[in-house]
Amino acid sequence: MKTKIALAGQPNCGKSTIFNMLSGIKQHIANYPGVTVDKKSGFFSYKDLDIEMVDLPGTYSFSSYSLEERVAKQFILEESPDLIINIVDASNLKRNLYLTFQLLEIGKPLIVILNMADVAERRGIKVDVNQISQMLNCPVILASGFKKTGKNEILEEIYRISNTKDEYSEFRINYEELEPSIRIIKEKITKDYNINKRWLAIKALEGDNFIIEQLSKDIENIKDDLKHELEHFEAIFNKNIQSFLAAMRYDSAEVVFSKSVKETKKDELTLTDKMDKVILNRWLSFPILFLVIVTIYQLAIVYGYQLTNYTWPYLAAIKNFASSILPAVDIAHVPMITDFGIWIVNSLNALLNYLPIFFILFALIAILEDVGYMPRMAFILDRVFRKYGLHGQSTLPLVLGGAFVGGCAVPGVMSTKGIADDRARMATIFTVPLMNCLAKVPFYTLLLGAFFPNQMSIMMFFISTITIFTALIISKVITSTILKTRETAPFVMELPTYNLPTFKGVLIRAVERVWQYIKKVCTIVLAVAVVLFVMLQFPGLNKEEQAKFDKQEQTILKKFDKDISKTAYHDKFQNRENVAELLNFYSDYRAKKMAGSSTADEEFMKKNEFLYSIVRAKTKDEKTINRALRNLDRGRNRILREQKSIRIENSLLGMIGRSLEPISKFAGFDWKINVAFLSSFAARESAVATLGSIYESGKAENQRAEEAMRENSGYTPLHAAAIIIFMLLTPPCIATMVVVKLQANSYRFMILSLFLPFGLAMLMATIVFSLGTIFNISGFSAMSIYYAVVVLIAIVLGLIPEKRINWKGGLK
Amino acid sequence: MGLNSCKSGKRYIIKNINAKGKLFYKLLDMGFIDGAMVEVVREAPLYDPMELKIHNYLITLRKSEATLIEVEEA
């Protein structure tokens, strides 16, 4: 037998701990189509009953001004669950019962679960379960998701109700003055909606647009009738229906509360009160906030990054595996399929490398959410952010995105989900990618190392703090222009009591979010990697160039042949295949060793004892061959590198880079930088990799990238400053764009988040570079002036008073 | 008087709510109904928003919204 259960409750009532307790880890998460609210289902069995439990978004009521409520209501109306479970915070009973009454009116079997029974007990709140059960005429169960109590009672009750199918006698609140109107509307509803008609009538009178739209499909003139009843009621009783209904429900909740609850520690300070005295204290709140942020940063970004040292070998193993099954390299001829395979694996690895960081980050966010610090963070900072069109709740996304140096926009943008104010949410989504992501850091280090070795720390300070000022300016500008018409929400936010998070709950959420990242990001990144590969590969080398490299290959092969001619193994390496085999054997072995494999020796010895003996060279002949082999390998790598840089230069992307030169030259960028930026769009890491491969001179093997850049590029520090300014504003990478699209739910916005920062970055870099050139300013001074101007603009914008309040009314 | 000008640590009774639309619904859902008792717990470190206790739970309101709630001292 099957049953479908909806799990409803107010936010912060501990719904998810109950959900996890009942459903185990086998869950299915999907997004409701078209919206960004998660739909979580759990499937499990109890005795012979197959249960599907759907976790509805937390809602304070069933009126219709928020997305969550619409989703919850739509589910109950359209999917018609067999049973509704209402989770109620036992320590906050009065307000929670407000929703319970609305759920009871729906007319489906209802089980009330008094959750957080342990918290209530600690706070001296004694609840008479039988009394409530009698008054509400439905089963009431005491439970604690945190302490895992009440599970069996709940399952048993679900089982009993599903089997007996006993219909509850209709639950009704007597709405006195409103009853005549309810009756009139109810009589008009003739079609069977598989739901209580009285409820539909009440919702329609309450002005619930969703219900009214549903009804008006079948009933003519329903809108006029409703309007008539509304005006009639207001004229006679001088009351507004919404507040009348709310007051009635609160009165009923008050009755239940006063009859069934005894408070023994009523006026004592709760633990939450005491903690808030410190955490929200005027003088301590900011240092504590700072400490929390630094801790998150340290644990997730710094330690997470160290953790990648341990996970990287696994990714390297994937790469090695891929290269082992792909066609082997033939001296200086790399089959395109091999090139392609390695490119794809590298692209994916670059992103998968961040998984440990994300996992820690998501786990920490889940903990902060569960503890109840998030809304407090918003409470502390709202005043500052509001001035720039953001919201107190924007703090966390910005920090995650890398408000200091090193974050990632993907989790940052994803964490904007909870912001109630739509305009501020969009502004936050837009500004998070402007933060300094972790992958930009190597790029900065490269440039600073090459051009600002003496001012490195102050430059790093500029880089790490300017992003937040830039974000504030951009947010202010877009919220007062393109986002002007977006809905804002009033800042009415619950500060939940502090709670200990459960290990399982935190783990489930962290895994869930990491998995979403893997799924959504990797598919897109894969697609883009393919496109980029094509753009970097074609049209490739022309005949003359190819012939030139073939000749070079011949030269190094001849040299190798000559070097080993006197050894005993000379005749073993007479043909090209054998040499290629040896060369690949040698480089595979080195790759394995460098990846830290401890079994490499054994493995390679087994594979080919003869080749292994040459690689490990013991005898004189072997040593001679080994030396020649090293030379050959070096020569081969040089040819490959030159081929690559010519191929990049010839490629479509290279051509685009060149064609942008006429514009980008005003910012001081040559085509090489353009190509690096274009390729960095797939993943930021590629910027450094591309620049590195372009500037590798091949002359001195051990030259560091910084030196190569300084000597071979012909840039001045002013060039570098312009490049840094460009990089600071540079548009989001593909992965970020995917989540921007997901969270903003609009392609237009995604495109805008790509081109606006890009245009701005180009403009700023151009201004700085041109003025710098004209007035002959050094790169460092140019950066300092730019920094000062940005900070100044941010402060001035902050001083402009906000005008917007987009709701009416006020004290007369 | 408006709730925005109330003092921390004191209790007040809600007389009237002058909000409209979304904000009005939201306030009703959170228990801001005529006759309900609110306690002003504290102001944020930067003096806005403010923290209130109503029906025995904590909630924050910006002062621009608190202006719309008419109260009198309990």
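Residues numbered from 1 in each chain as written. Chains lettered and ligands numbered in written order. Predicted model: local features only at pLDDT ≥ 70, side-chain atom pairs only at ≥ 80, totals over all residues. Heavy atoms only, no water.

In the nomenclature of an unreviewed UniProt entry, chain B is known as Ferrous iron transport protein A of Campylobacter blaseri.

Quick reminder of the rule: UniProt positions are given in the numbering used here, feature names are shortened, and annotations may be inferred rather than shown by experiment.
Looking at an unreviewed UniProt entry, one finds chain A named Ferrous iron transport protein B, with Campylobacter blaseri as its source organism. Regarding chain A, the UniProt comment filed under Function (unreviewed entry) reads as follows: "Probable transporter of a GTP-driven Fe(2+) uptake system."

Considering the overall build of chain B
What counts, and what does not: Put simply, DSSP H or I for four residues or longer makes a helix, DSSP E for two residues or longer makes a strand, and each gets a number counted from the N terminus. We compute the radius of gyration over the C-alpha atoms and compare it with the globule rule, which gives 2.2 Å times the number of residues raised to the power 0.38. When a residue's accessible area, from a 1.4 Å probe over protein chains only, is under 20% of the maximum for its type it is buried; when over 50% it is exposed; and in between it is partly exposed.
Within chain B one finds two helices and five strands. Taking 11 Å as the expected radius of gyration for a compact globule of 74 residues, we find that chain B reaches 11 Å, a close match to that expectation. Overall size of chain B, expressed as C-alpha extent along the three principal axes, is 30 × 25 × 25 Å. Residue burial in chain B is summarised as follows: out of 74 residues, 59% are buried.

What about the nonpolar core?
Residue and element names in this part refer to chain A. What counts here: Residues belong to one nonpolar core when they are buried, are Ala, Val, Leu, Ile, Met, Phe, Trp, Tyr or Cys, and are joined through side-chain atoms within 4.5 Å. Residues are treated as being in contact if the distance between any of their heavy atoms lies within 4.5 Å.
Phe358, Phe669, Met709 and Ile724 are the most contacted members of the largest nonpolar core, which totals 118 residues. Per-element tally for this core: the top contributor is helix H32 (residues 717–729), with eleven residues. Sequence-distant contacts of Phe358, defined by excluding residues within four places in its chain, comprise Cys408, Val410, Pro411, Val514 and Tyr517. Val54, Leu97, Ile125 and Ile182 belong to the second-largest nonpolar core, a separate cluster that totals 60 residues.

Things to note about the pattern of salt bridges
Residue and element names in this part refer to chain A. Heads up, the rule is: By convention in these notes, a salt bridge is any Lys or Arg side-chain nitrogen within 4 Å of a carboxyl oxygen on Asp or Glu.
As enumerated under the stated definition, the model contains 30 salt bridges over all chains in all. One salt bridge connects Arg198 with Glu179, and the closest N-O pair in it is separated by 3.1 Å. One end of the pair, Arg198, is in helix H8 (residues 197–205); the other, Glu179, is in helix H7 (residues 179–188), with 19 residues separating them in the sequence. In this structure Arg198 comes out as buried when scored by relative accessible area, which is 4%. With a closest N to O distance of 3.3 Å, Glu206 and Lys203 form a salt bridge. Both residues of the pair, Glu206 and Lys203, count as buried. Residues joined by salt bridges that share partners form a network here, namely Glu105, Lys203, Glu206 and Arg249.

Things to note about unusual backbone geometry
Across the junction of Asp48(B) and Pro49(B), the peptide omega takes the value -5°, indicating a cis bond. Within the element layout of this structure, Pro49(B) appears in the loop between strand E2 (37–43) and strand E3 (50–54). A positive phi angle, near 50°, is found at Lys47(A), a position not held by glycine. Assignment of secondary structure puts Lys47(A) in the loop between strand E3 (38–46) and strand E4 (49–55). The class for Lys47(A) is exposed, based on a relative accessible area of 53%. A positive phi angle, close to 45°, is found at His55(B), a residue other than glycine. Of note, His55(B) is situated in the loop between E3 and strand E4 (57–61).

Points about helix H35 (residues 779–799) of chain A
Residues and elements named next belong to chain A. For the record, the criterion: How far a helix is expected to stretch is found by multiplying one less than its residue total by 1.5 Å. Directions are taken from the helix axis to each C-beta atom, and the arc is the one they span.
Between its first and last C-alpha, H35 extends 31 Å over 21 residues, near the 30 Å set by a 1.5 Å rise per residue. Those residues of H35 lying buried are Gly779, Ala782, Met783, Tyr786, Tyr787, Val790, Val791, Ala794, Leu797 and Gly798. The arc that holds every buried residue of H35, seen down its axis, measures 160°, which confines them to one face. Opposite the buried face of H35, at more than 90 degrees from it, the exposed residues are Leu792 and Leu799. Of the surrounding elements, those touching the buried residues of H35 are helix H21 (456–479), H32 and helix H34 (747–774).

Focus: the interface of chain A and chain B
As a reminder of what qualifies: Summed over both partners, the accessible area (1.4 Å probe) lost when two parts come together is defined as the buried area. Whenever a nitrogen or oxygen atom comes within 3.5 Å of another N or O atom, the pair is scored as a polar contact, on the condition that within protein one atom can donate a hydrogen and the other can accept it, and that pairs from neighbouring residues in sequence are kept only if both atoms are in side chains. Criterion used throughout: strands pair if DSSP finds at least two bridges between them.
Taken together, the contact pairs 51 residues of chain A with 41 residues of chain B. Overall, the association of chain A and chain B removes approximately 4200 Å² of surface from exposure, summing both partners, and the carbon and sulfur fraction of that is 58%. One can count four salt bridges joining chain A with chain B. Across the pair Asp273(A) and Lys53(B) runs a salt bridge whose closest N-O atoms are separated by 3.3 Å. Viewed at the interface, chain B and chain A are joined by 15 residue pairs in polar contact (both at pLDDT 80 or more). Every element with two or more residues in the side of chain A that touches chain B is listed here: helix H3 (93–106), helix H11 (241–260), helix H12 (271–279), helix H13 (285–325), helix H16 (374–386) and strand E10 (492–495) of chain A. Counting residues per element, the side of chain A that touches chain B draws most heavily on H16(A), at seven residues. Alignment of E10(A) against E4(B), held across four bridges, turns out to be antiparallel.

Things to note about the sheet that holds strand E1 (residues 11–17) of chain B
Filter applied, for reference: To get an axis, fit a line to the C-alpha atoms, keeping to the stretch in contact for a helix; angles then go from 0 to 180 degrees between the N-to-C directions.
Taking strand neighbours across the sheet as the criterion, the six strands line up as E10(A)-E4(B)-E3(B)-E2(B)-E1(B)-E5(B) in an open arrangement whose pairing is antiparallel. Of all the strands in the sheet, the pair left with one neighbour each is E10 of chain A together with strand E5 (69–73) of chain B. Taking the axes of each pair of neighbouring strands and ignoring which way they run, one obtains an average angle of 40° across the sheet. By the bridge criterion, five bridges tie E3(B) to E4(B) in an arrangement that is antiparallel. Among the inter-strand pairings, Ile54(B) is bridged to a residue of E4(B), identified as Tyr57(B). Sheet contacts for helix H1 (residues 21–29) of chain B: E10 of chain A together with E1, E4 and E5 of chain B; angle to E10(A), the most-contacted strand, approximately 25°.

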